[in-house]
Structures are given as C-alpha cells and as structure tokens.
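# Close look at the chain arrangement
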Amino acid sequence: KSARCFVARRQRAAFAGWAECWAYRRDTRRKLGRLLKQMQRRDVAAAVRAWVEFVEEAGFQRRRLATAVKKLTSRFLAGAWRTWAEEVHENKAHNHILQKALQKLTNQMVVGYFNTWLESVQEEREMRSKCQGLFNRILNSSLSGAFNEWRESVNEARWEAGAMQR
C-alpha cells in the first residue's frame, strides 16, 4: 500500500510538472502571438509612413521646381521664356508629350518606392514565419522533455510496484 502511495505521489508530481509546462507553453504562445501582431502592425505602419513621406516629398519637389521656373521666368529669360511658353500652349501635342514624360518619371519613382514597400512586407512575413518556427521548436522541446520525464517516472513507478509485489 505504501508503495502504491509512493508511486501515485510520483505520478501526480510528474503530471503536475507536465501540466505546468503545458500552461506555460499556452501562455507563451498567446504572448508571442500578440507580440508578432504588434510587430506586423508597426512594420506595415512604418512602410506606409515612408510611402506617404515620399509622396509628400515628391509634391514638395514639384512645387519647388515650379517656384524655380517662375523665378527663372521673371528674372533672366522673361521674354524668351514667355515666347516658348506661348508656343507650348499653342501646340497641344508638345504639352501632351511633356505631361506624359513628367507622369512617367513620377510613376517610376512611386513604383520604385511601392516595390520597396512590398519587399519589406514580404521580408517581415518571412521573418515572422521563421520566428514562429523557432518559438514552436523551443516550446515543443521543453514540453517533450517534461513529457519524457513524466513517462520515465511512470515506468519507474510501475517497475517498483512490480518489484514490491514479487
């Protein structure tokens, strides 16, 4: 009877250890999930902010260029510039070509920054996946150790119970 009590105590202690490891793993997974979501939101927000800053900077540069053109027009080449501007307005084809070239240049810059943003999002996804795999391996290794310890204690208790009965 005392051997059974001893075996039962060891089994309860081993099971309690296993249950504690399981609870720790569950809590750690929840915390890691929250952390990963927070990191993802932060990275996406940073990428969007960078894109918005780029768009604002492009607008600022366009306004700056327009200001420089106005100064150039009024100071140095007022007459020649006005003549050229009048011809451009008269010739819609030239105006269309210039508009298209400016649009292509702007679009190329925006596409470049957008592609950079996409790459950073993909890199973040890969990093999150790698981190998740690492965390799972760490958690699984700690749980498997606790489970093996419990299993060994059960086997040992069974052996001792069998030896006591003999």
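Refer to the preceding data block for the structure.
Right, let's walk through the structure included here.

Before going further, it helps to examine the pattern of salt bridges. Pairing is possible between side chains that carry opposite charge, provided their charged atoms lie close to one another. What the rule picks out here adds up to 3 salt bridges. In this structure, the salt-bridge partner of Arg-10 is Glu-156, at a minimum N-O distance of 3.2 Å. Of this pair, Arg-10 sits in helix α1 (residues 2-75) while Glu-156 sits in helix α3 (residues 92-165), placing them 146 residues apart in sequence. We classify Arg-10 as partly exposed; its relative accessible area is 32%. For Glu-156, a relative accessible area of 37% translates into the label partly exposed. With a shortest N-O distance of 4.0 Å, Arg-30 and Asp-27 are connected by a salt bridge. Residue Arg-30 and its partner Asp-27 are located together in helix α1, separated by 3 residues, close to a single helical turn.

Judged by side-chain polarity, Val-44, Val-48, Trp-51, Val-52, Val-55, Leu-102, Leu-105, Met-109, Tyr-113, Phe-114 and Leu-118 come together as a nonpolar surface patch covering roughly 880 Å² of accessible area. Taken together, the elements giving at least two residues each to the nonpolar patch come down to α1 and α3. In terms of residue count, α3 provides more of the nonpolar patch than any other element does, 6 residues in total. With respect to the secondary-structure elements, Phe-114 resides in helix α3.

So, how was this worked out
Residues numbered from 1 in each chain as written. Predicted model: local features only at pLDDT ≥ 70, side-chain atom pairs only at ≥ 80, totals over all residues. Heavy atoms only, no water. Salt bridge = Lys/Arg side-chain N within 4 Å of Asp/Glu carboxyl O. Helix = DSSP H or I, 4+ residues; strand = E, 2+ residues; numbered from the N terminus. Buried < 20%, exposed > 50% of the residue type's maximum accessible area, 1.4 Å probe, protein only. Patch = residues over 30% accessible without salt bridge, like charges linked within 9 Å, V, L, I, M, F, W, Y side chains within 5 Å. Areas by Shrake-Rupley, 256 points an atom, 1.4 Å probe, with all protein chains shown as cover.

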